[in-house]
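Spelled out from the first residue to the last, the chains are:
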Amino acid sequence: MAEGTAEAPLENGGGGDSGAGALERGVAPIKPQYLTTKEQFHQFLEAKGQEKPCRETEVGDSAGNDLAEPEAKRIRLEDGQTEDGQTEEAAEPREQPQTQKRARGQNKGRPHESAAKCFFGDRCRFLHDVRRYLETKPADLGPRCVLFQTFGRCPYGVTCRFAGAHLGPEGQNLVQEELAARGAQPPPVRNGLDKALQQQLRKREVLFERAEQALRRFSQGQPPGPTPAAAVPEGTAAEGAPRQGNCGAQQVPTGLGTSTPPSSPVRTCGPLTDEDVVRLRPCEKKRLDIRGKLYLAPLTTCGNLPFRRICKRFGADVTCGEMAVCTNLLQGQMSEWALLKRHQCEDVFGVQLEGAFPDTMTKCAELLSRTVEVDFVDINVGCPIDLVYKKGGGCALMNRSTKFQQIVRGMNQVLDVPLTVKIRTGVQERVNLAHRLLPELRDWGVALVTLHGRSREQRYTKLADWQYIEECVKAASPMPLFGNGDILSFEDANRAMQTGVAGIMIARGALLKPWLFTEIKEQRHWDISSSERLDILRDFTNYGLEHWGSDTQGVEKTRRFLLEWLSFLCRYVPVGLLERLPQRINERPPYYLGRDYLETLMASQKAADWIRISEMLLGPVPPNFVFLPKHKANAYK
């Protein structure tokens, strides 16, 4: 790394005519000795990349074997293979006449296999010999398994891509008795989807009595209001998805469950309390008091659980899950429910819902109030993408005041936690709507509103309008209003707080530098080194392997999310290289050579260099690996 520090200013000498001159508007002001040209930048990385191996993990494939996950789990036994490698059955046409109609449903007539012999015999597509599987398995991606070192046991066994750290001579999965004796184990998954509830959702057997009652009031032209507890029977969650506690059986009516009659016994957990049968009045709801706290925005794709753990470590006070589509949640889609998962370090946590109609949003709110553990529920009224907007969701709700009111009132009626809303200034660039909506949201019962100081049409092509946010603070009073937009330094945060907002939400600033929360709380600029930044990325990959798994699927999912994050991290300019502090979020970094090779590599905007960084942490990528960022920002137009 030290070699790059000495050579960076020297290589810049020849490129001064294009880089060291007066920088154009919208370009980050970097000291002239670090500026370079695009050609010299990439030549430097290629030359240093050939000198230094980019992998820090020990990858033991000296013979140059294919390092991708082979078809080891799916290859057929070699017995009976033809010369071209196919089995005799595979060489023949696979079309076989269907003698009987296949039974519909899951696992109908499934054969029961014995542990000694596979029912499918030679036709089985899986390997049953552990030693043979390990011979065909590619080399490990590294010498240490994070799960084994942290918890004393890796649940992925032989399929782990770091299995050499915890496999015995016969392929058995080793256990560290000391860690196991201390009770070290992965934290329990919170807000997961219960299998029984998933089946009920797919079969549409879940009843939403409170939501249906609120919707009936809408159809009669009446806003939903408080109703007597006897009129709205409250019970437990769906059978098979009870609340946490000691299980027991109680004779209680079902509020969110199957079509079981109210008199039938429903399995509940713990003693029957007033909360099970008595509705909370609106004034008795839990208050959301987060004034002055730093709020990490719900970030699609990048705001995953491992990233939120990184931000919590650097000082984020409030976190929120990624935007979840209410219709997908009501259908029991596992991928959508995964967005609701909560880590134990997230002490103030909420989920964000997107939807366009009162029925689905109200039912989804009732479902979540019974099945997940959150501190608040947020409505997304700020999403600008066409896929959401054209269906009437996101920003489109700002122009659909009747539907918007029904959604807010209906959700507020069925939720036992505070309801918040995230909006933009408006849809069109010069037609602001937020100042008219805020008093109505306050009257509808919203606990807190976050205002992004941009319109839908504007996207990120101009700066956020904090002067308008200051006007909206007065219109929303006494309801707390959080401001959002263009916060990348503690100076930006201080100016935002001077507008009178109750707090600030940080979105892209956290993606560019997650240590921004520390800078704001300590009121300083942190000239973080490249090795410290790499340690942050290493922690992210460790959290990702813990969350998504250390097998091939988990490793590649971790890699994908790491690369998505690197597509934002490359826009950060180190403090020591800037002529003027602080860096502005709309300033494009020019080509520059950092103080060492790693700092220069992290400044590259090429996906190939991001992949090279991922290989330093997760080993080589599979063959024919291609990465295209999901988010292509237009902030520098």
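Residues numbered from 1 in each chain as written. Predicted model: local features only at pLDDT ≥ 70, side-chain atom pairs only at ≥ 80, totals over all residues. Heavy atoms only, no water.

1. What to know about helix α22 (residues 530–548)
Here is step 1: A rise of 1.5 Å per residue sets the reference length of α22, with its 19 residues, at 27 Å; its end C-alpha atoms lie 26 Å apart and thus fit the reference within 8%.
Here is step 2: Listed in full, the buried residues belonging to α22 are S530, R533, L534, I536, L537, F540, T541, N542, Y543, G544, L545 and W548.
Here is step 3: Buried positions along α22 lie against α6 (146–151), α11 (305–313), α23 (552–569), α24 (597–602) and α25 (607–618).
Here is step 4: Remark: G549 follows α22 within two positions and exhibits a positive phi of approximately 110°. (Helix = DSSP H or I, 4+ residues; strand = E, 2+ residues; numbered from the N terminus. Expected span 1.5 Å × (residues − 1). Buried < 20%, exposed > 50% of the residue type's maximum accessible area, 1.4 Å probe, protein only. Contact = heavy atoms within 4.5 Å.)

2. Focus: the environment of Q149
Here is step 1: Note on placement: Q149 falls in helix α6.
Here is step 2: Once the C-alpha coordinates of Q149 and V175 are considered, the two residues, 26 residues apart in sequence, prove to be 10.0 Å apart.
Here is step 3: When residues no more than four places from it in sequence are discounted, the contact partners of Q149 are R144, Q176 and L179.
Here is step 4: A polar side-chain atom of Q149 sits 3.0 Å from a polar atom in the side chain of R144. (Polar contact = N/O pair within 3.5 Å; in protein donor to acceptor, adjacent residues only side chain to side chain.)

3. Section: the packing of helix α9 (residues 209–219) against helix α14 (residues 358–371)
Axis angle and axis distance: for two packed helices, these are the angle between their axes and the distance between the axes, and together they describe the pair.
Here is step 1: For the pair α9 and α14, interaxial distance at closest approach is 8 Å and the crossing angle is 150°. If you check the angle between α9 and α14, you find them roughly antiparallel. In this structure, the crossing between α9 and α14 has a hand that is right-handed. Residues E209, R210, A211, E212 and L215 of α9 lie in contact with α14, whose contacting residues are P358, D359, T362, K363, E366 and R370. (Axes fitted to C-alpha atoms, helices over the stretch in contact; angles between N-to-C directions. Parallel < 35°, antiparallel > 145°, perpendicular 65-115°, else oblique. Left-handed = near helix turned anticlockwise from the far one by under 90°.)

4. Topic: the packing of aromatic side chains
Here is step 1: Per the stated rule, a full pass over the model turns up 11 aromatic pairs.
Here is step 2: Geometrically, the ring pair formed by F404 and W444 is edge-to-face, given 5.7 Å between the ring centres and 80° between the ring planes. You can see F404 sitting in helix α16 (residues 401–414) and its partner W444 sitting in helix α17 (residues 434–444), a full 40 residues away along the chain.
Here is step 3: By relative accessible area, W444 is classed as buried at 9%.
Here is step 4: One aromatic cluster is present, built from ring pairs that chain together Y295, F376 and F482.
Here is step 5: The ring centre of F357 lies 5.4 Å from the NZ or CZ of R400, which sits over that ring.
Here is step 6: Between R456 and the ring centre of Y389, over which it is positioned, the NZ or CZ distance is 3.8 Å. (Phe/Tyr/Trp six-rings, centres within 6.5 Å; stacked < 30°, edge-to-face > 60°. Lys NZ or Arg CZ within 6 Å of the ring centre and 35° of its normal.)

5. Considerations on the sheet that holds strand β4 (residues 319–325)
Here is step 1: One open sheet holds the 8 strands; their spatial order is β3-β10-β9-β8-β7-β6-β5-β4, and the pairing between them is parallel. Edge positions in the open sheet fall to β3 (294–296) and β4, since each of these has one partner strand only. Averaged over all neighbouring strand pairs, the angle between strand axes comes to 30°, with direction disregarded.
Here is step 2: Examined bridge by bridge, β4 and strand β5 (residues 349–354) share 5 bridges and lie parallel to one another. The residue bridging A324 from the neighbouring strand is L353, located in β5.
Here is step 3: Across the sheet, α11 lies against β3, β4 and β5, angled at about 160° from β4, the strand it touches most.
Here is step 4: α17 rests against β7 (419–426), β8 (448–455) and β9 (481–484) of the sheet, and its axis sits at about 165° to β7. (Pairing = 2+ DSSP bridges.)

6. A word on unusual backbone geometry
Here is step 1: S477 connects to P478 through a cis peptide bond whose omega is 10°.
Here is step 2: Along the polypeptide, P478 turns up in the loop between α18 (466–476) and β9.
Here is step 3: At the junction of L581 and P582, the peptide bond is cis and its omega measures out at -5° in the coordinates.
Here is step 4: For P582, the location among the structural elements is in the loop between α23 and α24.
Here is step 5: Positioned with a positive phi, R204 is a non-glycine residue whose angle comes to about 60°.
Here is step 6: With respect to the helices, strands and loops of the structure, R204 is situated in the loop between α8 (195–202) and α9.

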